[in-house]
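Understanding the architecture of this molecule
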Amino acid sequence: MNQSMFLVLLAGILADNYAIQNFLGVESLLGNGSGAKKALKLGGLTAAVMIPSAAIAWPLQNYVLNNAPYLQTLVFVAIILLVAAVVSKAAKRPFDEGFVLLTVNGAALGLCLTTAQMGFGEAMMTAIGAGVGFALAMAVFASLRERVEDDKVPAAFRGLPVSLLIAAMMSLVLFAF
Amino acid sequence: MTEKTSILQKDPLLLLLLGACPALAATADVRAALGMGIMVLAVLLLSGIIAFALRGRLSQGAGFATCVIIVAGCASVMQMLLAAFLPAFYNQLGIYAAIVAVIALTGRFAGGVKEAESMGQAVKTALTIGLYLLVVMVIVAAVREVLGFASIAGVSLDFFESYKISAMGKAPGAYIALAMAAAVVAACGSKKEKEGK
């Protein structure tokens, strides 16, 4: 792997983290109330949908959708749904509303839209970086959220506000990269 | 009204959570927030009407996935309208114009609205939810733009020039401003609850 590809991978995980820095799929991150281990599993499932979706979306965009750009969003969402259905079967999880809301999110669609404009190698590195970064962000966020819940938080800040403040701190940390 | 959509109407914090992506991404500028808010409102209305009209034909198992496709179709229509009539604004939103197709708010609303009692009620709920998110987004954007860029809707405010906090215009500022808005919403909600008791 050459240095620039490694930097693309690292950027997807840290500096350009899809959930924290780009707000893509941030609802899955903020709405997840489980512990760090379960959050890592859920993040892994989302990554398992994101990466193959981007791999399928790239040739479709470059060989078919360039002639019909108005179909891009619709086709990409359909691809993500299909991949999510396959992943749900492989993971032996029901393909219900909860699973769809977790995996068919802004991170998956944003990744397909962004990587479709790149070269294939860079697109795949970005996809892997974004997927791993999303899973890690889910786990770290859940771990921090668990610790804060034990502290005394003012009533108005319990729930979503404190979750957003934790995300703000994570974002500030990633800013340094 | 179905349980899911009535919960969406009654829990303003849940609404902010489900609509967090556009509420964070498009709030660095008041004009972008206004445009994104209107886009979310339009997608909610359009997808709500279509999902309600097709409610009898949506199968039990793949019903929610079908609703996501309906929302994606509506978002595509809105994208095309934006690209045709407001290209500058369409370019400003970038990929976030398409992301409306998969935000949890629109998907969950379309998934729940098919069980509404009437079309009027579905439209009313879509309007309530969409307008609420629009107002919150514009307020958050105004705070971020003033503090982060010393301007409001592109008009520079000289007084704030020396007090600019650059982080407010970036990702951390988006989280902090939305957290403050959510805390105000939560405080108002608990005050109302106490008065009710």
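Residues numbered from 1 in each chain as written. Chains lettered and ligands numbered in written order. Predicted model: local features only at pLDDT ≥ 70, side-chain atom pairs only at ≥ 80, totals over all residues. Heavy atoms only, no water.

1. With respect to the interface of chain B and chain A
If you look at the interface, chain B gives 40 residues, while chain A gives 38 residues. With both sides pooled, the region where chain B packs onto chain A buries about 3300 Å², and carbon together with sulfur makes up 81% of that total. At the junction of chain B with chain A, the criterion picks out zero salt bridges. Counting every contact that joins chain B to chain A gives four residue pairs in polar contact (both at pLDDT 80 or more). For the side of chain B that touches chain A, the element with the highest residue contribution is helix α10 (residues 171–196) of chain B, accounting for 12 residues. (Contact = heavy atoms within 4.5 Å. Buried area = accessible area lost by both parts, 1.4 Å probe. Salt bridge = Lys/Arg side-chain N within 4 Å of Asp/Glu carboxyl O. Polar contact = N/O pair within 3.5 Å; in protein donor to acceptor, adjacent residues only side chain to side chain. Helix = DSSP H or I, 4+ residues; strand = E, 2+ residues; numbered from the N terminus.)

2. With respect to the packing of helix α4 (residues 30–53) of chain B against helix α9 (residues 119–149) of chain B
For any two helices packed against each other, one specifies the crossing angle of their axes together with the interaxial distance. All names here are of chain B. At a closest axis distance of 8 Å, the pairing of α4 and α9 adopts a crossing angle of 165°. In terms of orientation, α4 lies roughly antiparallel with respect to α9. Relative to α9, the crossing made by α4 is right-handed. Classifying every residue of the contact of α4 with α9 by side-chain character gives 23 nonpolar, two polar and one charged. (Axes fitted to C-alpha atoms, helices over the stretch in contact; angles between N-to-C directions. Parallel < 35°, antiparallel > 145°, perpendicular 65-115°, else oblique. Left-handed = near helix turned anticlockwise from the far one by under 90°. Nonpolar A, V, L, I, M, F, W, Y, C, P; charged D, E, K, R; others polar.)

3. Some thoughts on the nonpolar core
Among soluble globular proteins, nonpolar side chains are generally buried collectively. Core analysis: the largest hydrophobic core is formed by 117 residues, its most contacted members being Val26(A), Leu30(A), Phe76(A), Leu109(A), Leu105(B) and Tyr175(B). The element that contributes the greatest number of residues to this core is helix α5 (residues 63–85) of chain B, accounting for 11 residues. With sequence-adjacent residues up to four places away left out, Leu30(A) is seen in contact with Phe141(A), Leu160(A), Ser163(A), Leu164(A), Ala167(A), Leu17(B) and Ala20(B). (Core = buried A, V, L, I, M, F, W, Y, C linked by side-chain atoms within 4.5 Å. Buried < 20%, exposed > 50% of the residue type's maximum accessible area, 1.4 Å probe, protein only.)

4. Digging into the packing of aromatic side chains
Tallied over the entire structure, the rule returns six aromatic pairs over all chains. On the basis of an interplanar angle of 70° and a centroid distance of 5.0 Å, the ring pair of Trp58(A) and Phe120(A) is categorised as edge-to-face. In this pair, Trp58(A) sits in helix α3 (residues 36–63) while Phe120(A) sits in helix α7 (residues 120–150), placing the two residues 62 residues apart along the sequence. Measuring from centroid to centroid gives 5.6 Å for Phe159(B) and Tyr163(B), while their planes differ by 45°, and the two rings are tilted. Assessed through its relative accessible area of 54%, Tyr163(B) is described here as exposed. Grouped by ring-pair contacts, the aromatic residues Trp58(A), Tyr63(A) and Phe120(A) constitute a single cluster. In this structure, Arg55(B) is placed above the aromatic ring of Phe52(B), and the distance from its NZ or CZ to the ring centre is 4.0 Å. (Phe/Tyr/Trp six-rings, centres within 6.5 Å; stacked < 30°, edge-to-face > 60°. Lys NZ or Arg CZ within 6 Å of the ring centre and 35° of its normal.)

5. Some thoughts on the pattern of salt bridges
Residue and element names in this part refer to chain B. If you walk through the whole model with that rule in mind, you get two salt bridges over all chains. Note that Arg31 is salt-bridged to Asp29, the shortest N-O span being 2.9 Å. On the basis of relative accessible area, Arg31 is assigned to the partly exposed category, the value being 47%. One salt bridge in this structure joins Lys164 and Glu161, with 3.0 Å as the shortest N-O distance.

6. A short note on a positive patch on the surface
Taken together, the side chains of Lys37(A), Lys38(A), Lys41(A) and Arg93(A) make up a positively charged region of the molecular surface. Structurally, Lys37(A) can be placed in helix α3. (Patch = residues over 30% accessible without salt bridge, like charges linked within 9 Å, V, L, I, M, F, W, Y side chains within 5 Å. Areas by Shrake-Rupley, 256 points an atom, 1.4 Å probe, with all protein chains shown as cover. Lys, Arg positive; Asp, Glu negative; His and termini not counted. Charge placed at Lys NZ, Arg CZ, Asp CG, Glu CD.)

7. Concerning the side chain of Glu145(B)
Residue and element names in this part refer to chain B. The topology assignment puts Glu145 in helix α9. Despite its burial, Glu145 pairs with no opposite charge; the closest candidate is Arg31, at 5.0 Å N-O. At 2.9 Å, the side chain of Glu145 and the backbone nitrogen of Val30 are in polar contact. Contact partners of Glu145, with chain neighbours within four places excluded, come to Ala28, Asp29, Val30, Ala150, Ser151, Ile152, Ala153 and Gly154.

8. Some thoughts on the environment of Thr73(A)
Within the secondary structure, Thr73(A) sits in helix α4 (residues 72–90). Its relative accessible area of 3% is what places Thr73(A) among the buried residues. C-alpha separation for the pair Thr73(A) and Lys38(A), spaced 35 residues apart in sequence, amounts to 30 Å. The residues contacting Thr73(A), other than those within four sequence positions of it, are Leu109(A), Ala72(B), Ser76(B), Gln79(B), Ala98(B) and Ala101(B).

9. Notes on the confidence of the model for chain B
This prediction gives chain B a mean pLDDT of 88; 93% of its residues lie at or above 70. Per-element mean pLDDT across chain B ranges from 62 in helix α1 (residues 3–10) of chain B up to 93 in α9(B). (pLDDT = per-residue confidence, 0-100.)

10. A look at helix α8 (residues 104–113) of chain B
Because each turn of an α-helix spans 3.6 residues, side chains separated by three or four positions end up pointing in the same direction. Summarising burial for α8(B): 10 of the 10 residues are buried, a large majority. Turning to α8(B), its buried residues number three or more, namely Ala104(B), Leu105(B), Thr106(B), Gly107(B), Arg108(B), Phe109(B), Ala110(B), Gly111(B), Gly112(B) and Val113(B).

11. Describing the packing of α4(B) against α5(B)
All names here are of chain B. Here α4 crosses α5 at 135°, and the two axes come no closer than 9 Å. Between α4 and α5, the angle falls in the class oblique. Classified by chirality, the crossing of α5 by α4 is right-handed. Facing α4, whose interface residues are Met39, Ala42, Val43, Leu46, Ser47, Ile50 and Ala51, α5 presents Ile70, Val71, Cys74, Ala75, Val77, Met78, Gln79 and Leu82. Looking at side-chain class alone, the contact of α4 with α5 contains 13 nonpolar, two polar and no charged residues.

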